[in-house]
Amino acid sequence: MMSNYDKFKEKTQSFYQIFVNKYTKKGANITYLVVWNLILIFLVIGLIGASFAGGAGAGYFAALVKDEEVRSYEDMRKNIYNYEESTEMFFANDVYLGKYRADLLREEVDLENVSEHLINALVSTEDEYFFEHEGVVPKAIVRAIVQEVTNSANQTGGSTLTQQLIKNQVLSNEVSFDRKAKEILLALRLENYFSKEEILEAYLNVSPFGRDSSGRNIAGAQTAAEGIFGVDISELSIPQAAFIAGLPQSPFAYTPFTRSAEVKDVDGLAPGLERMRYVLHRMNAMGKITDEQYEEAIAYDITKDFTAPTNSAIEEYPHVTFELEKRARNIISEQLAVEDGYEVSDLENNPDLKEQYRTLADTALRQNGYRIYTTIDKDMYDKMQAVKDNFEYFDATYDYQEKTDPETGELLKNNAEQVAAVMIDNKTGAIKSFVGGRDFDLSSVNFATSTYRHNGSTMKPLLGYAPAYELGTLQPGSILADTPLKVTAGGKVWEPFNWNNKFNGLVTVRDAVRLSHNLAAIRGYMEIVQQRPMDYLFKQGFTGLTEGDAENYSAVLGGLTYGVTVEENTGGYVTFANGGNYVEPYLIERIETSDGEIVYEHKVEPVQIYSPQTAYLMIDTMRDVFTRGTANVAPKHLQFSADWAGKTGTTQDTQDIWMMGSNPNITFGLWMGYDERRVLKTVKGYTPTQRSQVLWAQLLNAAHEVNPENLAPTQRFEMPGGIVKRSYCKLSGMLPSDLCRQAGLVGEDLFNAAFAPTKVDDSLTVGKYVQIGDVAYAPLGSTPSEFVKQGPMLKPDFLKKLQIKDVEELAKYMPNSSIFEGLTVLSPDPLPVNNQAPKQIGGVSISGSTLSWSASPEKDVIGYYVYHSANSSSTAKKIASVPAGKETSTNLSQGTGFYYVVAINASGKTSSPSSSAKLGDPDKKEEPKPEPKPPTTPPGGGNNGGGNGIGNDDGDDNSTDPPPDSNGDD
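What you see is a predicted model, and the numbers here were worked out from it, not measured in a lab.

Counting its secondary structure elements, the chain contains 30 helices and 32 strands. Across the 970 residues that make up the chain, the buried fraction comes to 50%. Pairs at least 24 residues apart make up 68% of the contacts formed inside the chain by residues separated by at least 6 positions. Carbon and sulfur atoms form 49% of the exposed surface of the chain, whose accessible area is close to 45,500 Å².

As structure tokens, this is what we get:
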């Protein structure tokens, strides 16, 4: 039985348990409620704080981007695709030449052509969630912020490829929350506008990739693939793709090449190789390559794939490249100016405006990825350069007279004899090939297009003869005086000479061109200079000619203020070969955008300068230059045949040599000379003119190897209608008269029908004359008839038409021209008469059967009488009359006897007999008795015993052959 104590104890315990349980449960409930309420309070506070922070963050974000305008799709597209792309240049027939000079090379590529390995490498390394995110990855941004705040050594970055594209193309590289906020906003917008493929393609074309093997700055994955490994982007291997994908993070730290086009040393390559290994690790981690591919790529020596340096277009074709750049810049600058409302003339009249648009054009060409297509035939160009490089007849290289190296002070020795040549298509004006100089390293000047030189006698057809043909003052058969000339101009006297210092009398235009007579050319030019023949050249794009040149007579010989370029000079000859139509020489066929849109295309727009008749007559005249004229050396060195016409040219002191030639298809012009002018010399037996013709022919032979059909056309220059063949008198170019025919002065040539001769030559007449020396005079009434001749002679008025003042000078040079044999030029001056009998003739002697004597020094002596007597007792008889100025001797057929000579002047007065000369052993040894009543007074004694003299001139005698009386004979 339980005691009361036990019962109490039990109850007490039970009560305590109940109490404890009750209050314990209550306490727990209170604690729970308190904790829960605290949690709720903190949760509310947290939400309020988060809301406040989010609001503050959103507000801060909004404040950062408040100035960023809402960009449209077109605006975003313009910015994203606004990256520099290198302009490319092409030879004719789309043969690749090279890239336009730029600080940064870039070539665009479509994503479909990009190696899958490169895409995988790039995404795995730079943006593993690229194909899932909407432009940004929040946790990556938070991670990047934490790393930035904590200054963590492991900076993983937080930008997606989309953000990087925005940073490169729209924003700057500035490190700030402002720029980052805008980057996030625009990245989200970009993802809304463009597909992932478009974004990735743009990134691949935008990103910089360091330097290529030639040390040039490059951008764009295609340029990197070609410039680093020498392969197309579609052909990249796994390690090559990994190497390129790692470059954009730090292009110049990871690039394997230096600025000087050398591969970096081991230490320099280490960062790039380590970066490549990291990219391969990421590709493997992302499952883009297998473990086996990873191990193989890690072990691969990528350095053996680095490509060798390549020559740029400028290094390989400097003259072509610089010329293309210059012309393309001019074309684009004019287009930009016109788009802005200017006229092309505004650029020419405003140098500052011109330079402004040239700068804009240069920027456009360096950044916009144009395609420039030129007219130059690459194979032809290459072969012509090889001929030039191996030509063995160049003269020596000299020091520049006053030029020194600015750094060393040493005298520069690179004044080499230069050559320039241009080949132009006659129909279009396309420049098919050219030679810009001996060596670009010797001189960077393009002597074919950029230098002005005097063009010597090649100016004669351009400025003198062709305009004269067109104006009708000359035709190929016209006559010009090639005699000494003095021209007074500007208070100075100019006395030009022919190149060989000889004179040629009266010559046809055809012969004056053929043999390049200067004086004839000047006289022909003087007839038309007032009609401004220089305007014909202004219309043909001769940019170096001046108004002063237009008034200068020496311009027709190439004596110009500045000169002409080889391109201009050749273009002028193209006009003749193109039927009188000028076509502007051009080097750029067209310019396209990278998408194939044509922004410029050359249009052939012929400008008629001369009639077809003038052009053909000029061509026909210049044919003779090759066949039997000053260019006769050139055909001997040509290895093919064609219908050639052209002209040679030499400037004063032989400082410039020119050779121009056209066939029906092409015109080829060549110049040789020194940059700093020097006299050209004979080399290995070849004169400068001959050297130029040999090189001209060799260059054409090289071109012919490439394109024989174009260089050697079988057809000849076609003669247009309106050309007639006519006989003409070689004195005047008029229709021949009977007297002209009698004188043997009839020629035949081609004429423009509009200017063919219609009048009969009136420059000749028939008359009597007395010849004294080389001059013919009208006889006096008392002039002995046997010395008076009759025949065709020039009228004095005709001489005035030939601009000849000195008839003696003309007569002096006429015998040098076979076409004037038998023609007399009658002096307008009277016979020289001194009213005194001539002095006795001396020097009479006999040698064999020839009697000779000394000529009379008196100017009015017109001839000599020779007398003979069989012996001293017989009467002397006149046996010969010998005109003065010819031979002072005569052959004797009378046998033995005594002989003497008497001089006769223009008025019929005779000298006393000369001393006698004995032939053989006459019967009587005393001197013969002279004929009674001689033409002069008292006889003189002979050397052989005296003899009888000749009586006075006023009586008669019974001799069978007396001398003429003093009254003469008409």
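Now that the structure has been shown, the text picks up again.
Following the sequence through the fold, N891 ends up in strand 30 (residues 889-891). Excluding residues within four positions of it along the chain, N891 makes contact with S849 and T850. Looking at N891, its side chain comes within polar contact range of the side chain of T850, at 3.3 Å.

One finds W696 and L700 to be the most contacted residues of the largest nonpolar core, which totals 117 residues. In terms of residue count, helix 26 (residues 688-706) provides more of this core than any other element does, eight residues in total. Setting aside residues no more than four positions away along its own chain, W696 makes contact with F626, A634, L638, W644, M659, G661, F668 and L670.

Here we come to the packing of helix 5 (residues 161-169) against helix 7 (residues 196-206). Where helix 5 meets helix 7, the axes come as close as 10 Å, and the angle between the chain directions of the two elements is 50°. On the basis of the axis angle, helix 5 is oblique to helix 7. Where helix 5 crosses over helix 7, the two elements pack in a sense that is left-handed. Contacts from L161, T162, Q164, L165, N168 and Q169 in helix 5 reach I199, L200, A202, Y203 and V206 in helix 7. By residue class, the composition of the contact of helix 5 with helix 7 is seven nonpolar, four polar and no charged.

Of all residues in the chain, 81% attain a pLDDT of 70 or more, and the chain-wide mean is 84. Here residues 50-67 scores under 50 on pLDDT; set against residues more than four positions off or in separate chains, the count is 13 contacts. Segment residues 932-970: pLDDT under 50, and 89 contacts once partners within four positions in sequence are set aside and those in other chains are kept.

What follows is about the state of the cysteines. Taken as a whole, this structure holds one disulfide when the rule is applied. A disulfide bridge connects C729 with C740, and the sulfur atoms are separated by 2.3 Å. In this structure the cystine formed by C729 and C740 twists about its S-S bond by roughly 100°; its chirality is therefore right-handed. In this pair, C729 is assigned in strand 20 (residues 723-729) and C740 in helix 28 (residues 738-742), connecting sequence segments 11 residues apart. Accessibility assignment for this pair places C729 and C740 in one class, buried.

Tallying each qualifying case throughout the model produces 29 aromatic pairs. Linked through ring pairs, F626, F640, W644, F668 and W696 together constitute an aromatic cluster. Residue placement shows R590 over the ring face of Y373; its charged tip is 3.9 Å from the ring centre. Positioned above the aromatic ring of Y865, the side-chain terminus of K878 is 4.1 Å from the ring centre.

What follows deals with the pattern of salt bridges. Tallying each qualifying case throughout the model produces 35 salt bridges. Notably, a salt bridge pairs K99 with E107, separated by 3.5 Å at the nearest N-O pair. On the basis of relative accessible area, K99 is assigned to the buried category, the value being 18%. E107 sits in the buried class, given a relative accessible area of 17%. In this structure, D738 and R741 form a salt bridge, with 3.6 Å as the shortest nitrogen-oxygen distance. Of the two residues, D738 and R741 are both situated in helix 28; the distance of three residues between them amounts to about one turn of the helix.

With phi around 60°, N501 is a residue other than glycine that occupies positive phi space. Residue placement: N501 occurs in the loop between strand 11 (492-494) and strand 12 (505-508). Taking relative accessible area as the criterion, N501 reaches 58% and is therefore assigned exposed. If you check the backbone angles, S516 has positive phi at about 55° while not being a glycine. Secondary-structure assignment places S516 in the loop between helix 19 (509-514) and helix 20 (518-526).

Moving on, we get to the sheet that holds strand 7 (residues 417-425). Read across the open sheet, the five strands follow the order 8-7-19-18-17; overall the sheet is antiparallel. Either end of the sheet is taken by a strand with one partner, and the two such strands are strand 8 (431-435) and strand 17 (645-650). Neighbouring strand axes in the sheet, compared pairwise and without regard to direction, differ in orientation by 5° on average. Where strand 18 (residues 656-662) meets strand 19 (residues 666-674), seven bridges bridge the pair, whose relative direction is antiparallel. The residue of strand 19 that forms the bridge with G661 is F668. Strands strand 7, strand 8 and strand 19 of the sheet are contacted by helix 17 (residues 378-389), whose axis makes an angle of about 20° with strand 8.

The rules behind each value
Within every chain, residues take consecutive numbers counted from 1 along the sequence as written. In view of the model being predicted, local features appear only for residues whose pLDDT reaches at least 70, and side-chain atom pairs are presented and counted only at 80 or more, with totals across whole chains, interfaces and linings using the full set of residues. As a convention, hydrogens and water are excluded, and side-chain values are obtained from all of the structure's heavy atoms. Strands are runs of DSSP state E lasting at least two residues, helices are runs of H or I lasting at least four, and both sets are numbered from the N terminus onward. When a residue's accessible area, from a 1.4 Å probe over protein chains only, is under 20% of the maximum for its type it is buried; when over 50% it is exposed; and in between it is partly exposed. Contacts are assigned to residue pairs with any non-hydrogen atoms lying within 4.5 Å of each other. Note on areas: these come from Shrake-Rupley sampling with a 1.4 Å probe, and a residue is covered only by the protein chains present in the view. A 3.5 Å cut-off defines polar contacts: any pair of N or O atoms within that distance qualifies, except that in protein one atom must be a possible hydrogen donor and the other a possible acceptor, and neighbouring residues in sequence count only when both atoms are side-chain atoms. Buried Ala, Val, Leu, Ile, Met, Phe, Trp, Tyr and Cys residues that are joined via side-chain atoms within 4.5 Å together make up what is termed a nonpolar core. An axis is simply a line fitted to the C-alpha atoms; with a helix, the fit covers only the stretch in contact. Between two such axes, the angle follows the N-to-C directions and lies from 0 to 180 degrees. The scheme is simple: roughly parallel for angles under 35 degrees, roughly antiparallel for over 145, roughly perpendicular for 65 to 115, oblique for anything else. Crossings are sorted by hand: turned counterclockwise from the far helix by less than a right angle, the near helix makes the crossing left-handed, and turned clockwise it makes it right-handed. Note on residue classes: Ala, Val, Leu, Ile, Met, Phe, Trp, Tyr, Cys and Pro are nonpolar, Asp, Glu, Lys and Arg are charged, and everything else, Gly too, is polar. As a per-residue measure, pLDDT tells how confident the predictor is, with possible values from 0 to 100. Cysteine sulfur atoms are paired as a disulfide whenever they fall within 2.5 Å. Aromatic rings from Phe, Tyr and Trp, taking only the six-membered ring of Trp, are treated as a pair when their centres fall within 6.5 Å; an angle between ring planes under 30 degrees marks them as stacked, one over 60 as edge-to-face, and anything in between as tilted. Criterion for a charge above a ring: Lys NZ or Arg CZ within 6 Å of the ring centre, and within 35 degrees of the ring normal. Salt bridge, as used here: a side-chain nitrogen of Lys or Arg that lies within 4 Å of a carboxyl oxygen of Asp or Glu. In this scheme, strands are said to pair when DSSP sees at least two bridges between them.

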